[in-house]
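Descriptive structure summary
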Amino acid sequence: MAANTKIIIAGPRGKMGKEAVHLVHETEEFQLVAAVDSKNNGLTIKELPGMPDENAFIYDDMQTCLEEMEADVLIDLTTPTAGKHHLELALDHHVRPVVGTTGFTPEDITRLRKKAEEKEIGAIIAPNFAVGAVLMMKFSQMAAKYFSDVEIIEMHHDNKLDAPSGTAAKTAALINEVRPHKEQGHPEEQEELEGARGAQVDGLRVHSVRLPGLVAHQEVMFGGSGQTLTIRHDSINRQSFMPGVKLAVENVLRVNTLVYGLENIME
Ligand SMILES: NC(=O)c1ccc[n+]([C@@H]2O[C@H](COP(=O)([O-])OP(=O)(O)OC[C@H]3O[C@@H](n4cnc5c(N)ncnc54)[C@H](O)[C@@H]3O)[C@@H](O)[C@H]2O)c1
Ligand SMILES: O=C(O)C1=N[C@H](C(=O)O)CCC1
C-alpha cells in the first residue's frame, strides 16, 4: 500500500459520504485530496456542517476534479446514475474506484470490468461494505446447496432510490450460482394484485420493504420439508460499513481488474 493514499470522495454530504470523510480523516495512511458534491463548488470540506478539519476542496464536476487533482482512489457514495458516470471517468483518469453506490446491473459490471482490465487498473464495487452482510450472503450461498426453496426480503430506509437493493441482487446471484433453476411458488399461482410475489431473479423472489426507521436489513428465508431456516443481517448505523470501505481502499491498490463484492477480498 502507498504510504499516503490520496483519496477523492464523491457524495460527502450524504449519509455514507459523511462517514467516509471521517474515516479518511481518522486513518493515518489516507489523505483526502478533494471531494465531489452536487453543490458547494469551491468550498473546503471543513466549511460544511459536522465535518472534520479538512482543507480538501469541493468540486461540483467530477471531470474537472480528476483533471486538476492527483489521486489514487475515488470513493463513490452517490446515486446510481452519478456513480456509473463517476466510475467511468475515474478509470479514464487512472484513478482506482471504490464504489459503494448501488444500482449496477450485471451488464454494467461486465462492461466496466472490461474497461478496468484494458486500463490495467483495479476497481471495487461492493454492494454492501458491512462484514456481517457479506457473511450473510456467503452463508446463504452455503445453505442454498441444501435448500433450493428460498426467498429474499430486503428492508431499507425510505430515502433509498434503487430497488431491489444491491445486496439482494448480489445475494440472488450468489445463490443462483449453486441453486438449480426453480420458479419459486406453485406452478399455477396467480398474482391477484400485481407485484404481490415480488421481483424475480431467475425464479428466485425478492421483496423490497422501504420504511423510515430502517437502515439496511435483509432476511434470506429457506424452506424445506417440516423446517425453515432464516439468515438475517441488520446494519443499525452507517459506521457498520466503514471497516469494509477501509479494506476496499487498501485492496483496490493491489488488483488489476474490477472486483464485485467484498467477499472476494476478505480473507
Ligand atoms: N455499499 C454499501 O455498503 C452501501 C451502504 C449504504 C449505502 N449505499 C449506497 O450508497 C449510495 C449513497 O447512499 P446514502 O445513504 O449516503 O445516500 P444519500 O442520499 O444520503 O447521499 C448521496 C449523496 O450523493 C450526492 N450526489 C448526488 N449526485 C451527485 C453527483 N452527481 N456528484 C456528487 N454528489 C452527488 C447527494 O448530494 C448526496 O449528498 C446509495 O447508492 C446507496 O444505495 C451503499
Ligand atoms: O442505504 C442504502 O441504500 C444501502 N444500500 C445497500 C444496498 O443497496 O444493498 C446496502 C446498504 C445500505
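Just so we're clear, the structure is a prediction, and the values are computed from it rather than from any experiment. (Residues numbered from 1 in each chain as written. Chains lettered and ligands numbered in written order. Predicted model: local features only at pLDDT ≥ 70, side-chain atom pairs only at ≥ 80, totals over all residues. Heavy atoms only, no water.)

Notes on helix α6 (residues 166-178)
Convention followed: Each helix corresponds to a stretch of at least 4 residues labelled H or I by DSSP, and each strand to a stretch of at least 2 residues labelled E; elements are numbered beginning at the N terminus. A helix's residues, less one, multiplied by 1.5 Å, set its expected span. Remark: exposure states derive from per-residue accessible area (1.4 Å probe, protein chains only) relative to the maximum for the residue type, with buried under 20%, exposed over 50%, and partly exposed in between. The contact criterion used is simple: two residues touch if any of their non-hydrogen atoms lie within 4.5 Å.
Counted at 1.5 Å a residue, the expected span for α6 with its 13 residues is 18 Å, and the 19 Å between its end C-alpha atoms agrees. Buried within α6 are the following residues: G166, T167, A168, K170, T171, A172, L174, I175 and N176. Those residues of α6 that are buried are in contact with α5 (131-144), β7 (149-156), β8 (199-201), β9 (204-210), β10 (216-224) and β12 (258-260).

Describing the environment of H22
Within the secondary structure, H22 sits in helix α1 (residues 15-26). Judged by relative accessible area, which is 26%, H22 ranks as partly exposed. As a C-alpha pair, H22 and G50 span 28 residues in sequence and 9.8 Å in three-dimensional space. Other than its neighbours up to four places away in sequence, H22 contacts G50, M51 and P52.

Re the packing of helix α3 (residues 80-92) against helix α4 (residues 106-119)
Put simply, the rule reads: Each axis is a line fitted through C-alpha atoms, taken for helices only over the stretch in contact, and angles between the N-to-C directions span 0 to 180 degrees. Angular relationships are summarised with four words: roughly parallel below 35 degrees, roughly antiparallel beyond 145, roughly perpendicular across 65 to 115, and oblique for the angles in between. In this scheme the crossing of two helices becomes right-handed for a clockwise turn of the near helix relative to the far one and left-handed for an anticlockwise turn of less than a right angle.
One can describe the packing of α3 onto α4 by two numbers: an axis separation of 10 Å at closest approach and a directional angle of 15°. Classified by the interaxial angle, the pair formed by α3 and α4 is roughly parallel. The hand of the α3/α4 crossing is left-handed. Here α3 contributes K84, L87, E88, L91 and D92 to the contact with α4, which in turn contributes D108, R111, L112, K115, A116 and K119.

Brief notes about the sheet that holds strand β5 (residues 96-99)
Selection rule: At least two DSSP bridges between two strands are needed for those strands to be called paired.
Spatially, seven strands are ordered β3-β2-β1-β4-β5-β6-β12 in an open sheet, and the strand pairing comes out parallel. Bordering the open sheet on either side are β3 (57-59) and β12, each of which pairs with just one other strand. Pairwise comparison of adjacent strand axes, ignoring direction, gives a mean angle of 25° for this sheet. Note that strand β2 (residues 30-36) and β3 share three bridges and pair parallel. Across the sheet, residue A35 finds its bridge partner in β3, namely I58. Strands in contact with helix α7 (residues 242-252) are β1 (5-10), β2, β4 (73-76), β5 and β6 (123-125); relative to β5, the strand with the most contacts, it is inclined by about 160°.

Remarks on the environment of P212
Note on placement: P212 falls in the loop between β9 and β10. For P212, a relative accessible area of 60% corresponds to the exposed category. The spacing of P212 and N264 is 52 residues in sequence and 32 Å in space, taken between C-alpha atoms.

Remarks on the domain arrangement of the protein
The cut-off we apply is this: Here the limits of each domain have been adopted from an automatic or database domain assignment. Reported buried area values correspond to the accessible surface (1.4 Å probe) lost by two parts on association, with both partners' losses combined. One side-chain nitrogen of Lys or Arg within 4 Å of one carboxyl oxygen of Asp or Glu is enough to make a salt bridge. Polar contacts, as counted here, are pairs of nitrogen or oxygen atoms within 3.5 Å of one another; within protein the pair requires one atom able to donate a hydrogen and one able to accept it, and residues that are adjacent in sequence qualify only if both atoms are side-chain atoms. Classes in brief: Ala, Val, Leu, Ile, Met, Phe, Trp, Tyr, Cys and Pro nonpolar; Asp, Glu, Lys and Arg charged; the others, Gly included, polar.
With domains assigned, the protein is organised as domain 1 (5-125 + 239-264) and domain 2 (131-235). Placing a centre on the C-alpha atoms of domain 1 and another on those of domain 2 gives a separation of 28 Å. Between domain 1 and domain 2, the contact holds 11 residues from the first and 12 residues from the second. A combined buried area of about 930 Å² lies between domain 1 and domain 2, and 65% of that area is made up of carbon and sulfur atoms. Its largest share of buried area at the contact with domain 2, domain 1 owes to T102, Y260 and E263, together 46% of the area lost on that side. On inspection of domain 1 and its partner domain 2, the count reaches one salt bridge. Linking domain 1 to domain 2 there are five residue pairs in polar contact (both at pLDDT 80 or more). Tallied by class, residues from the side of domain 1 that touches domain 2 come to four nonpolar, five polar and two charged.

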